[in-house]
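# Working through the structure, step by step
Chain by chain, the residues run as shown.
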Amino acid sequence: MDHAGRPAVLPLRPLTVGELLDAAVALLRAYAPVLMPVAAVLALGEQLLLAPLRTAAHVAPPAYLPNFDHASAYWMLLCVGAATEVAIIAALGGLTGRAATAELLGHRATARDLLRPAGSRFGLVAVLALCAGGIVFLVSLTGPTWVIGYTLVGLAVPALVIDRTGPLQALGRGALLTIRSGLRGAGIRLIGYLAWFAVRLALSLGALAALNAVGIDDPGWAVPVAAVVWLLVNSLAYPTLACLDAVLLLETRMRTEGLDIALTRARHTGRSAAAILAGGP
């Protein structure tokens, strides 16, 4: 299954949490020339959408900490921000799902392969990404239930692309895979998000501190500089999290459905590995 001469991005066996995170980074490294520019375009749209909400909430860059005199506006900013993050990660899942599938079947997809409309289901991916964002927006209005929304909707697009299900089935299928094995998938998604949130915050604060150190500390530049820094950081974080979703779906199928056994058997019997991969449990 694996390309000779290079290590497999996703081995055909259940993985530890650390190995899953490593696999996500390896997948991003292999397909960064496609994933990161697409993520940058989407992250730019996010910054433009959030700009007026930040103004209304009277928050200051780079961390945009809450202004309690405008708590309701700040809460809306948080809810919209959570929704846009989920929608972007889900949209990128359409590409990372194709990339992870190619790697598991033993070949390195080209940029043309990933972006080719034929078989991409891009329209359904967009609809499902917006639905995922809408679900997270609604549950975020109540506060702590954001965690439930984020963890349960993340595998929907990979299920749509890899398992070739319908949109509604993909939501259910993704949620089911997430809660298997004692909510293992939900915990891994949350660990990945929190880890990258800390990295994003540290990188953004560090970049702005570096700019201040060289004299670019005019308050008039604070907002555009912070927007650019967050744009660059999110262009790395979002595709990484989307890669984690794609490899998590496949690894969970290996762990709970014997996908690795079925694919290994297909290699020796001449059956279509692609058909097995898209066939679900």
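Quick notes on the rules
- Residues numbered from 1 in each chain as written.
- Predicted model: local features only at pLDDT ≥ 70, side-chain atom pairs only at ≥ 80, totals over all residues.
- Heavy atoms only, no water.
- pLDDT = per-residue confidence, 0-100.
- Helix = DSSP H or I, 4+ residues; strand = E, 2+ residues; numbered from the N terminus.
- Contact = heavy atoms within 4.5 Å.
- Salt bridge = Lys/Arg side-chain N within 4 Å of Asp/Glu carboxyl O.
- Buried < 20%, exposed > 50% of the residue type's maximum accessible area, 1.4 Å probe, protein only.
- Phe/Tyr/Trp six-rings, centres within 6.5 Å; stacked < 30°, edge-to-face > 60°.
- Lys NZ or Arg CZ within 6 Å of the ring centre and 35° of its normal.

## Focus on the confidence of the model for the protein chain
- Considering every residue of the protein chain, the mean pLDDT works out to 87; 90% of them sit at 70 or more.
- When mean pLDDT is taken per element in the protein chain, helix α4 (residues 122-140) scores highest with 95 and helix α10 (residues 273-277) scores lowest with 72.
- Contacts from residues 1-6, a stretch scored under 50 in pLDDT, to residues over four places away or in other chains number 16 contacts.

## Some remarks on the pattern of salt bridges
- Going through the model one piece at a time under the given rule, you end up with 11 salt bridges.
- For Arg-108, the salt bridge goes to Glu-103, with nearest N and O atoms at 2.4 Å.
- With a relative accessible area of 34%, Arg-108 lands in the partly exposed category.
- Ionic pairing is found between Glu-257 and Arg-173, a salt bridge with its closest N-O pair at 2.7 Å. Here Glu-257, found in helix α8 (residues 219-257), pairs with Arg-173, found in helix α7 (residues 167-213); they are 84 residues apart in sequence, far enough to count as distant.

## Describing the packing of aromatic side chains
- Under the definition given, this model contains 4 aromatic pairs.
- A ring pair is formed by Tyr-193 and Phe-197, whose centres lie 6.4 Å apart and whose planes are at 20°; its orientation type is stacked. Of this pair, Tyr-193 and Phe-197 are both found in helix α7, 4 residues apart, which corresponds to roughly one turn of the helix.
- Here Phe-197 falls in the partly exposed class, since its relative accessible area comes to 38%.
- Connected via pairs of aromatic rings, a cluster forms that spans Trp-146, Tyr-150, Tyr-193 and Phe-197.
- Here Arg-189 stacks its cationic end above the ring of Tyr-150, 4.2 Å away from the centre of that ring.

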